[in-house]
Amino acid sequence: MTETETASAPRATAARGGDPLERIYADVLRRNPGETEFHQAVREVLETLGPVLARRPELAEARILERVCEPERQIVFRVPWTDDAGRVHVNRGFRIEFSSTLGPYKGGLRFHPSVNLGIVKFLGFEQIFKNALTGLPIGGGKGGSDFDPKNRSDAEVMRFCQSFMTELHRSLGEYTDVPAGDIGVGAREIGYLFGQYKRITNRHESGVLTGKGVGWGGARGRTEATGYGCVLFTEEMLRSRGTGLDGRSVVVSGSGNVALYAIEKAQQLGATVLTCSDSDGYVLDRKGVDVELLKEIKEAGRGRVSDYAEARGGDCRYVPGGRIWEVPCEVALPCATQNELTEDDAVGLVRGGVLAVAEGANMPTTPAAVRALREAGVAFGPGKAANAGGVAVSALEMQQNASRDSWEFAHTEERLTGIMRHIHDSCHTTAERYGSPGDYVVGANIAGFEPVADAMLAQGLV
Ligand code: GLU
């Protein structure tokens, strides 16, 4: 079955009365009204699973898909806190414990004003399959808050984190649910969250959070892992087409953790990274982004990319409010946020001769853009495969915590390289096995779904 047939099959047969995938999707829409990002993430997965259900009727009989689309538990809570002036604020906290089939719920926390139930559910749903692809024993979950850490003092962020954890701690545990960072949650926030968990529980339970400081249970290489992993995955995609990153021009969006280390690794592999961006605009640096300078600017006072352009000088140009994807390149790595690369952007990238696109962020490419890239034969690495390096090293952090060990950076990097190769190869062979050679969307969805489905069957109706 071709990818277009796979995508359109549910709709067509639904009209004839009763395609199971279309019925499941309609149920998801009805039961989760208004949660557009969650609908998008579910649709994207369901569209590729028709051939699996056709081969394995036992999965439909056990209602595996209906069960996997319904979180095991949804926690929504109030987070009151005071700012430095003593004013009271009230935010909303979320933790979606989506699937514990393969291991403890695992996934980050996002602090951003856009966070709502639908966004956390989309991220949690993606996380189930992403985590399964790593081959490590981790289930899927996600959480966060509509709290905006921008322009907040350290003391305000600490009070917010303490209030958040005071409520959430009862749901966590190294064998139960293990959060980490995501947008707006980095080393500082993980530190405050861990401190409060430790104080409330009176346990130095290292494995309850990942992304910790290296001096107190954190894994060396966790900070770099998502960006490095995304580039390693891209290199594998290019290699399977007989080429590589060496000498290539790369456009990276974002300037957070994922973007920074994607830039670093791409340049280590011989590419020139032309750009980085934030919510205000992008930087075009034809000589290649100076990643050490960018890190310095980001670390000192949480700087903007306009500050980078100013400090860099020379030909480096800051484009306020511009569309980063208008910069022609051979490889594009969207590493900022969901739905940042649209159909028009994709068409422009194809026209400019792009060879590969890999998602460093979660679902940064809109469905229409994904379609345009796949139809043009561009190697497209979906986030659940391409950005799985971060959560994979989180699982390695849990492993180090459980054995009270601390590995060298080089050891983690070696493991990460092996894991990204394994993910690439299993997506590749699965796509072939299901008649869609070279299609990493089909490969990632099916290779992520099958181990979860098999374990659900084995574990009975829970
Ligand atoms: N937030 C990251 C992701 O989207 C990492 C999650 C983790 O390390 O648990 O995969």
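See the structure shown above.
Residues numbered from 1 in each chain as written. Predicted model: local features only at pLDDT ≥ 70, side-chain atom pairs only at ≥ 80, totals over all residues. Heavy atoms only, no water.

A. The arrangement of the site of the ligand in detail. Around the ligand sit 13 residues, and of these Lys106, Lys130, Asp182, Arg222 and Ser394 come closest. Between the ligand and Lys130, the relevant distance is 2.8 Å, taken from an oxygen atom to a side-chain nitrogen or oxygen of the residue. Within the side chain of Arg222, one N or O atom sits 2.9 Å away from an oxygen atom of the ligand. When isolated, the ligand has an accessible area of 290 Å², and the protein chains bury 95% of it. Looking at the shell around the ligand, the elements that each hand over two or more residues are strand E3 (105-111), helix H6 (117-133) and helix H16 (389-402). Considering each element in turn, the shell around the ligand owes the most residues, three residues, to E3. (Near = heavy atom within 4 Å. Polar contact = N/O pair within 3.5 Å; in protein donor to acceptor, adjacent residues only side chain to side chain. Areas by Shrake-Rupley, 256 points an atom, 1.4 Å probe, with all protein chains shown as cover. Helix = DSSP H or I, 4+ residues; strand = E, 2+ residues; numbered from the N terminus.)

B. Spotlight on the pairing of strand E2 (residues 88-99). As paired strands, strand E1 (residues 73-82) and E2 are joined by 10 bridges and run antiparallel to one another. Counted as the bridge partner of Thr82 is Val88 from E2. Pairing of E2 with strand E4 (residues 140-145), which is carried by six bridges, proceeds in the antiparallel orientation. Counterpart to Glu97 in the pairing with E4 is Gly141. (Pairing = 2+ DSSP bridges.)

C. Expanded view of the nonpolar core. In terms of nonpolar packing, the biggest core is built from 59 residues, with Phe233, Val250, Val252, Ile263, Tyr308, Leu333 and Ile423 touching the most fellow members. Take this core: its biggest share by element is eight residues, from helix H9 (residues 222-239). Residues in contact with Phe233, not counting those within four places in the same chain, are Gly381, Ala385, Ala386, Met420, Ile423, His424 and Tyr440. The next biggest cluster of nonpolar side chains, apart from the first, holds 37 residues, and it includes Val28, Leu53, Ile64 and Phe449. (Core = buried A, V, L, I, M, F, W, Y, C linked by side-chain atoms within 4.5 Å. Buried < 20%, exposed > 50% of the residue type's maximum accessible area, 1.4 Å probe, protein only. Contact = heavy atoms within 4.5 Å.)

D. Structural view of unusual backbone geometry. Even without being a glycine, Arg63 presents a positive backbone phi close to 50°. Tracing the chain through its elements places Arg63 in the loop between helix H4 (57-61) and helix H5 (64-68). You will see that Arg404, though not glycine, has its phi angle at about 50°, which is positive. A residue is classified by how much of its surface remains accessible, and Arg404, at 75% relative accessible area, is exposed.

E. Just the pattern of salt bridges, in detail. All chains considered together, the criterion is met by 38 salt bridges. Between Arg87 and Asp83 there is a salt bridge, with its nearest N and O atoms 3.2 Å apart. Given the relative accessible area of 54%, Arg87 is considered exposed. With a shortest N-O distance of 2.6 Å, Asp177 and Arg95 are connected by a salt bridge. With Asp177 in strand E5 (residues 177-180) and Arg95 in strand E2, the pair connects residues that are 82 residues apart, well separated along the chain. Each of Arg56, Glu58, Arg433, Glu450 and Asp454 takes part in a single network of salt bridges with overlapping partners. (Salt bridge = Lys/Arg side-chain N within 4 Å of Asp/Glu carboxyl O.)

F. Main features of the packing of aromatic side chains. Using the criterion set out here, one finds 15 aromatic pairs in the structure. A ring pair is formed by Phe77 and Phe164, whose centres lie 5.2 Å apart and whose planes are at 55°; its orientation type is tilted. One end of the pair, Phe77, is in strand E1; the other, Phe164, is in helix H7 (residues 154-168), with 87 residues separating them in the sequence. Both residues of the pair, Phe77 and Phe164, count as buried. (Phe/Tyr/Trp six-rings, centres within 6.5 Å; stacked < 30°, edge-to-face > 60°.)

G. How the structure looks around the environment of Tyr440. Relative to the helices and strands, Tyr440 resides in helix H18 (residues 440-459). Residues Tyr440 and Cys427, spaced 13 residues apart in sequence, show a C-alpha to C-alpha distance of 5.8 Å. Within the local environment of Tyr440, its side chain forms a polar contact with the side chain of His424, the two groups lying 2.8 Å apart.

H. Examining the sheet that holds E5 more closely. In spatial order, the strands read E1-E2-E4-E3-E5; together these five strands make up an open sheet with mixed pairing. The two strands at the open ends of the sheet, each matched to only one other strand, are E1 and E5. Strand-to-strand twist of the sheet, defined as the mean angle between neighbouring strand axes without regard to direction, takes the value 20°. (Axes fitted to C-alpha atoms, helices over the stretch in contact; angles between N-to-C directions.)

I. Region of interest: helix H3 (residues 36-55). The end-to-end C-alpha distance of H3, which contains 20 residues, comes to 30 Å, matching closely the 28 Å that a straight helix rising 1.5 Å per residue would cover. Along H3, the largest kink reaches about 45° and is centred on Leu49; proline Pro51 follows within four residues of it. Burial within H3 is extensive, with 14 of its 20 residues counted as buried. (Expected span 1.5 Å × (residues − 1). Bend = angle between axes of the 7 residues up to and from the residue.)

J. Examining the packing of helix H10 (residues 257-268) against helix H11 (residues 291-299) more closely. For the pair H10 and H11, interaxial distance at closest approach is 10 Å and the crossing angle is 165°. Classed by the angle they form, the pair H10 and H11 counts as roughly antiparallel. In the crossing of H10 with H11, the sense of the turn from one axis to the other is left-handed. Residue-level contacts link Leu260, Tyr261, Ile263 and Glu264 of H10 to Val291, Glu292, Leu294 and Lys295 of H11. (Parallel < 35°, antiparallel > 145°, perpendicular 65-115°, else oblique. Left-handed = near helix turned anticlockwise from the far one by under 90°.)

K. Spatial organisation of the side chain of Asp285. Residue position: Asp285 is located in the loop between strand E9 (281-284) and H11. A relative accessible area of 3% places Asp285 in the buried class. Here Asp285 is in contact with Val273, Leu274, Asp290, Tyr308, Arg312 and Cys316, once residues within four sequence places are set aside.

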